[in-house]
Amino acid sequence: MAIVVNKPIPEFEANATGGIKVTNTSHNGQILVLYFYPKDNTPGCTTEAMQFRDKFKDFVKAGATVFGVSRDNMKSHDEFKAKLELPFELIADTEEKMCHMFGVVKNKIMYGKKVKGIERSTFLIGADGVLKQEWRGLKVPGHVDDVLKAVKLLKKAA
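Residues numbered from 1 in each chain as written. Predicted model: local features only at pLDDT ≥ 70, side-chain atom pairs only at ≥ 80, totals over all residues. Heavy atoms only, no water.

Side note on the pattern of salt bridges
Next up, step 1: Evaluated as defined, the whole model comprises 12 salt bridges.
Next up, step 2: Where Glu-89 meets Lys-81, a salt bridge forms, and the shortest distance between an N and an O atom there is 3.5 Å.
Next up, step 3: Judged by relative accessible area, Glu-89 falls into the buried class, the value being 16%.
Next up, step 4: Glu-95 serves as the salt-bridge partner of Lys-97, at 3.2 Å between the closest nitrogen and oxygen.
Next up, step 5: Look at the salt bridges and you will find they share partners, linking Arg-71, Glu-96 and Lys-116 into a network. (Salt bridge = Lys/Arg side-chain N within 4 Å of Asp/Glu carboxyl O. Buried < 20%, exposed > 50% of the residue type's maximum accessible area, 1.4 Å probe, protein only.)

What follows is the structure in structure tokens.
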């Protein structure tokens, strides 16, 4: 089932670092930011994670919970989280269930070969469980600030 802006997100269940189980309803009442990234410990993903880390207190102040999502396993996530001192949890979507549900699995050309990869994307889900905004195929510079701005506007509108 695909996700659509201004519609409730479909049912899902996933495991995150810190022993947390995340579902479509586990964070109702809070604004939820899910950012999908290709791979732990790669340059762009490291930069993006550090930018979310550096603005984390601002997200919390605006009433948002942040989760990073990739296909990496829990061991990789735990190491990535510890190395970068990330204050938020990372979802291990090793079976690509969330990646497919959110439509972020794309064909990419890497070193001349066609591969399936994750398109860097962020989804903003309202406290009511409805998808409010999405950013797809994004570039890292300035993106976290854009998401924070949208979170603040959403909180103001609530």
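Moving on, there is more to tell.
Concerning the environment of Gln-133
Next up, step 1: In this fold, Gln-133 is placed in strand β9 (residues 131–136).
Next up, step 2: The sequence separation of Gln-133 and Asp-40 amounts to 93 residues, and the corresponding C-alpha distance is 24 Å. (Helix = DSSP H or I, 4+ residues; strand = E, 2+ residues; numbered from the N terminus.)

Description of helix α5 (residues 143–157)
For an α-helix, the turn length of 3.6 residues means that residues three or four places apart are oriented alike.
Next up, step 1: Taking 1.5 Å per residue as the helical rise, α5 with its 15 residues ought to reach 21 Å, and the 21 Å between its terminal C-alpha atoms agrees with that figure.
Next up, step 2: Taken together, the buried positions of α5 are occupied by His-143, Val-144, Val-147, Leu-148, Ala-150, Val-151 and Leu-154. Considered in projection along α5, the buried side chains sweep an arc of 160° and stay on one side of the axis. In this structure, α5 carries Lys-149, Leu-153, Lys-156 and Ala-157 as exposed residues pointing more than 90 degrees from its buried face.
Next up, step 3: Of the surrounding elements, those touching the buried residues of α5 are β3 (31–36), α1 (43–54), α2 (56–61), β4 (64–70), β8 (121–125) and β9. (Expected span 1.5 Å × (residues − 1). Arc of directions from axis to C-beta. Contact = heavy atoms within 4.5 Å.)

Quick word on the UniProt feature "active site" (unreviewed entry) in the protein
Next up, step 1: Feature annotation in UniProt places "active site" (unreviewed entry) on Cys-45, given in this structure's numbering.
Next up, step 2: In this fold, Cys-45 is placed in helix α1.
Next up, step 3: Its relative accessible area of 1% is what places Cys-45 among the buried residues.
Next up, step 4: Leave out the neighbours within four places in its chain, and Cys-45 touches Tyr-37, Pro-38, Lys-39, Phe-80 and Arg-120. (UniProt positions renumbered as here; feature names shortened; annotations may be inferred.)

A closer look at the nonpolar core
Note that soluble globular proteins tend to have their nonpolar side chains buried in a common cluster.
Next up, step 1: In terms of nonpolar packing, the biggest core is built from 26 residues, with Val-33, Tyr-35, Phe-52, Phe-59, Phe-88, Leu-124 and Val-151 touching the most fellow members.
Next up, step 2: Mapped onto this core, the elements with two or more residues apiece are β3, α1, α2, β4, α3 (74–84) and α5.
Next up, step 3: The residues touching Phe-52, leaving out its near neighbours within four places in the chain, are Val-33, Tyr-35, Phe-59, Val-66, Phe-88 and Val-144. (Core = buried A, V, L, I, M, F, W, Y, C linked by side-chain atoms within 4.5 Å.)

Observations regarding the environment of Gly-103
Next up, step 1: Checked against the element boundaries, Gly-103 lands in the loop between α4 (97–101) and β6 (105–110).
Next up, step 2: Separated by 18 residues in sequence, Gly-103 and Ser-121 have C-alpha atoms that sit 9.4 Å apart.

Comments concerning unusual backbone geometry
Next up, step 1: Notably, Asn-6 is not glycine yet its phi reads approximately 70°, a positive angle.
Next up, step 2: Mapped onto the elements, Asn-6 comes out in the segment before β1 (13–16).
Next up, step 3: The exposed category is assigned to Asn-6, whose relative accessible area is 57%.
Next up, step 4: The backbone of Asn-41 sits at a positive phi, close to 65°, despite the residue not being glycine.
Next up, step 5: Taking relative accessible area as the criterion, Asn-41 reaches 39% and is therefore assigned partly exposed.

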